[in-house]
Every structure is written in C-alpha cells, then in structure tokens.
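Coordinates in review
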Amino acid sequence: MWLPLVSSRGCCSSLAKVTAGWQIRKLPQGLGHRSFTASAAQPTPSFGLLFDIDGVIVRGKKPIPGAAEAFQKLVGRDGRMTVPVVFVTNAGNCVRQTRATELSRVLGVEVLPEQVILSHSPLLMLEQFHDKCVLMSGQGPVAEIAKDQGFRNVVTINDLRMAYPLLDMVDHNRRPKNPTPVIQNFPAIEAVILLGEPVRWETSLQLILDVLLSNGRPTAWLPQVPYPHIPVLACNMDLLWMAEAKNPRFGHGTFLVCLETLYHKLTGQELRYEALIGKPSRVTYSFAQHLILEQARKRGWNAPIRTLYAIGDNPMADIYGANLYNRFLKSNQGRSEDGLPQSCRSILVCTGVYNNQGEVPSDTRESVTQTVFHGHRDFRLDPTLVEASHIVKDVEHAVNLVLKEEGWVSESEGTEKIKTPSE
C-alpha cells in the first residue's frame, strides 16, 4: 500500500517525489515491537478507534470529564484494550514514550508508545532525508525528537543562532555584546523541517528565511534568490488548538501563515512544501490505519477491520482529515490494496476547538460548514469535508455511540444496556 501525501495545489507537485517508494509494510524498526496475545473468550473487533488528544481527552494537563470513564469501556478484565486504539495528535513537542506515559496516567489504562502518533511520526518514513543536514524548528527536546525519527545530522535554531551570532537582531536584549566569529566550517543546510510552533517566533522566522534565501548558507549573499528553494517539510498545520484557556490558542498553522506570508513578501514567490505531515494529511491516517491493523494482527484478531472511527474536536484537522481519508478508502474499494477498511467515520466532540458549551447543535451542518475555513492554504475548502458523521457532547458519548453502532458490549459493563449519546 502506498502512502501518498495530500495537497490540492499545483505548487506542491514535488510531493509525488517524496512519496515514491513509500510502502506501509515497511515499518521502521522499533514500531509495533510489543507482543500481544489474544484471549480466547474475547470477541473479535471489526473496527478501530482513532482518538485526538488535546480538546478530546485533556485540556492542557487536565483530563476532560468522562475521558477516563470512556476508556474503561474499552478495557477488558485483563486490563488491556479489547479493540484496537491509536491516539493521533498534531502535538509534536515530545517523543512518543512521553505522551504514552501521560495518557496512561490520565486514563488509568496502559497506553503503549506504538499506540501514539505525533504530528512528526510519519517522518520515520522519509529515509531520503535522514542523512541530510536538516534545520529543525520547534520546541521541546528537538534533538531527541529528531533522533527518534531517524535523523542523524540535525541543526537546531539555537545551533544556527550560535554559529551566526549577527543574524538574530530583533530582540535588542539578545544581541551579542561581543559577538564571536562566524563558524567557517558550519555545514550547509539541505532541508528545513518544521516540527511545531517555536517559542521565539521572530528568531525562527528570521533564521529560516535566511536559510531559504541563501540556499542553506545563511551568510551567503546571492545575486538572485534561489527558487525552488531547498526542501521544507512541515508537521502540524493546526491554526488553533485547545488548552486550558476558554478560547483556542495559536497553533503551528499560525506560524506557517507568518512564514509563508513573509517569504512571499520578500521574494514574490510562493513558499513550497516538500511534504505536509500531520492531520489532515492522508499519510497520517494511513499510518494510523497501519498501526490499527498491526494491533489487531498481534492480538490475534483475525476479522477484517471494516470501519475506523476518528474522534476529534477540530473540524479543520480531525474531521477534514477523517473525511478525506474516507474518500480515499471509498475510491479504492475493490482494488488491489487488500486489507483496507471500508470507511473512516468522523465524530466531532464539543469539548475543544469546536465548542458549543457542551450542547449538541440541532442543525449540525449549519454549525460546522458556516465556520470560516481555518485549514492550511494547500488544502482546498470543501464544505463536505468539515461535516462530521456525528456530533456528540464529549468523548464518553463518542465511545458510547461507537459501541452502539457496532453492537459491542464492553467487558466492564457485562450485559448492561449501552447508553446512547442522548441518554
């Protein structure tokens, strides 16, 4: 099965080059290594669950009410999940193990690293960049994240700032009093990877543009701006995300808007992406599907996974991406790619970016499709892609809905009636 990236703009035709040779069967070493054994008494699930995290399970560090209770319905008497589950988040400021540990604590169930997909997780597949000298922008343990994704020659924004001390001039208090000489043998940057929103936007914007305008050598003054520029790969396109504040906060998508606007203003050209990764890109959902199928296989669940349920709070990322992937699944039914699910159904909760004070709207189409399009510029506006299959109050109601749709009775409830979202 191929893993194409998704973009609707002609300027991103280079994406086809990135995906050439990607095969879902080629999983990097270290993923899916955990051994599972099936319980003979367990029924065999024919569906899988994809959960967003921020705005669905937590708000910042605080769990959303009902989240832990929802997952108890997915856990068997042996303490393990009875259906395949993957957590798909556009956050990217940590490694998978850290996020899995946090989720295990919040939910009271064991979450394994191979059940977590961060915005940058599909970078594991881009082996053609792993030996290049790449500039990585973001926050958190950037060097550790890069190593975890297979990169071996990484330069951080701070590394670049220290090597070229005269470049970061916006903040007068950070200007070097006695600047050190430029490092003459500093390697040329061959690609730029944007993991997530940085802390000091002015520094990252300045230095990334310096790299793009100089063909990877920030002190070089070229008579003509190189175009196309060196490859740029971006993870996480969310304009907004939900933390503890009542209103959504700026996400990495907002930073990308700034970078794209400045590049166009300076050059008259359009910033081009070699790859866009994270929701709503199809590659992320293909990756999630693969991990769902791997869980089912290792647990001995031999029934085909027919339906994926994607639960999220952001119409422009979670719902758009799930619906886009559903189109792909529908268009490929009956073709050579055996083992694909038949559908991916989107479920929108009211506890995050999309927030209707916890009340499910009476007219779901009006509530969602009349929203201003917050998606990335390289994804076309299509009102049908932001229409959720279902809108529910919260993640507990989402799980109840799925269990009812599938006729699935959780082991924790035994033979009790499954509550519907309206109850």
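Residue positions are given per chain, counting from 1 as you read along its sequence in written order. Local features in this predicted model are restricted to residues of pLDDT 70 or higher, and side-chain atom pairs are both shown and tallied only at a pLDDT of 80 or more, whereas totals for entire chains, interfaces and linings draw on every residue. Side-chain descriptors were evaluated using all non-hydrogen atoms of the structure, hydrogens and water having been removed beforehand.

Naming follows an unreviewed UniProt entry, where the protein chain appears as Haloacid dehalogenase-like hydrolase domain-containing 5 of Xenopus tropicalis. Under the UniProt heading Sequence similarities (unreviewed entry), the entry covering the protein chain gives this text: "Belongs to the HAD-like hydrolase superfamily." UniProt positions are given in the numbering used here, feature names are shortened, and annotations may be inferred rather than shown by experiment.

Our focus in this paragraph is the packing of aromatic side chains. To pair, rings of Phe, Tyr and Trp, with the six-membered ring standing in for Trp, must have centres within 6.5 Å; the planes then decide the type, stacked if under 30 degrees apart, edge-to-face if over 60, and tilted in the middle. The tally for this structure, following the rule as stated, stands at ten aromatic pairs. When the ring of Phe47 is compared with that of Trp408, the centres are 5.6 Å apart and the planes differ by 85 degrees; the resulting orientation is edge-to-face. Taken as a pair, Phe47 in strand β1 (residues 47–51) and Trp408 in the segment after α11 (395–406) lie far apart in primary sequence, 361 residues in all. Residue classification places Phe47 among the buried residues on the basis of a relative accessible area of 1%. Only protein chains enter the accessibility calculation, which uses a 1.4 Å probe. A residue is then buried if its area is under 20% of the maximum for its type, exposed if over 50%, and partly exposed in between. Here Trp408 falls in the buried class, since its relative accessible area comes to 9%. An aromatic cluster is present here, built from Phe47, Tyr309 and Trp408 joined pairwise through their rings. Note on criteria: charge over ring means Lys NZ or Arg CZ within 6 Å of the ring centre, with the direction from the centre no more than 35 degrees off the ring normal. The ring of Phe328 carries Arg282 above its face, with NZ or CZ at 4.0 Å from the centroid. For the purposes of this entry, the term helix denotes a DSSP run of H or I that reaches at least four residues, the term strand denotes a run of E that reaches at least two, and both are numbered from the N terminus.

As defined here, a cavity is a set of points on a 1 Å grid over the protein atoms alone where a 1.4 Å probe fits but cannot get out. A pocket is an open set with protein on both sides within 12 Å along at least five of seven lines, and residues line them when an atom is within 4 Å of a point. Grid points are joined across faces, edges and corners, and a volume is the space filled by probe spheres set on the points. Counted as a void, the largest pocket has a volume near 510 Å³. Along the walls of the largest pocket sit 30 residues, with Asp54, Ala91, Asn93, Arg99 and Trp241 positioned nearest its centre. Counting residues per element, the ones that place at least two in the lining of the largest pocket are α3 (96–107), β10 (240–241) and α9 (315–331). Residues are grouped as follows: nonpolar covers Ala, Val, Leu, Ile, Met, Phe, Trp, Tyr, Cys and Pro; charged covers Asp, Glu, Lys and Arg; every other residue, Gly included, is treated as polar. Per-class residue counts for the lining of the largest pocket are eight nonpolar, twelve polar and ten charged. Both domain 1 (47–119 + 279–406) and domain 2 (127–276) contribute no fewer than three residues apiece to the lining of the largest pocket. Per the annotation, domain bounds derive from an automatic or database assignment of domains.

Turning next to unusual backbone geometry. In this chain, Tyr227 is followed by Pro228 through a cis amide linkage whose omega measures 5 degrees. If you trace the backbone, Pro228 turns up in the loop between α6 (201–213) and β9 (232–235). One non-glycine residue, Asn236, lies in positive phi territory at about 75 degrees. Its place among the elements puts Asn236 in the loop between β9 and β10.

What follows concerns empty space enclosed by the protein. Scanning the entire structure with this criterion turns up four cavities of 30 Å³ or more. There is about 90 Å³ of room inside the largest cavity. Looking at the largest cavity, the residues that line it are Met237, Asp238, Leu239, Leu240, Pro280, Asn314, Met316, Ala317, Val353, His374, Gly375 and His376. Of the residues assigned to the lining of the largest cavity, the class counts are seven nonpolar, four polar and one charged. Built from parts of two domains, the lining of the largest cavity gets at least three residues from each of domain 1 (47–119 + 279–406) and domain 2 (127–276). When its volume is computed, the second largest cavity comes out at roughly 70 Å³. Val58, Gly60, Lys61, Arg99, Glu102, Leu103, Arg105 and Val106 are the residues that line the second largest cavity. Sorting elements by how many residues they give to the lining of the second largest cavity places α3 first, with five residues. Partitioned by chemical class, the residues of the lining of the second largest cavity number three nonpolar, one polar and four charged.

You can see Ser204 is positioned in helix α6. Contacts were defined at the residue level, with two residues in contact if any of their heavy atoms lie within 4.5 Å. Every residue in contact with Ser204, bar those within four places of it in the chain, is listed here: Ser137, Ile157, Pro198 and Phe255.

Glancing now at the sheet that holds strand β13 (residues 307–312). What holds strands together in a sheet is hydrogen bonding between their backbones, with the strands either parallel or antiparallel. Taken in spatial order, the six strands make up an open sheet running β5-β4-β1-β13-β14-β15, and their pairing is parallel. Lying at the two open borders of the sheet, with one neighbouring strand each, are β5 (116–117) and β15 (390–392). Lying over the sheet, α9 contacts β13 and β14 (343–349), oriented at roughly 165 degrees with respect to β14. Strands pair, by our definition, only if DSSP identifies at least two bridges between them. Simply put, an axis is a line fit to the C-alpha atoms, just over the touching stretch for a helix, and the angle between two N-to-C directions goes from 0 to 180 degrees.

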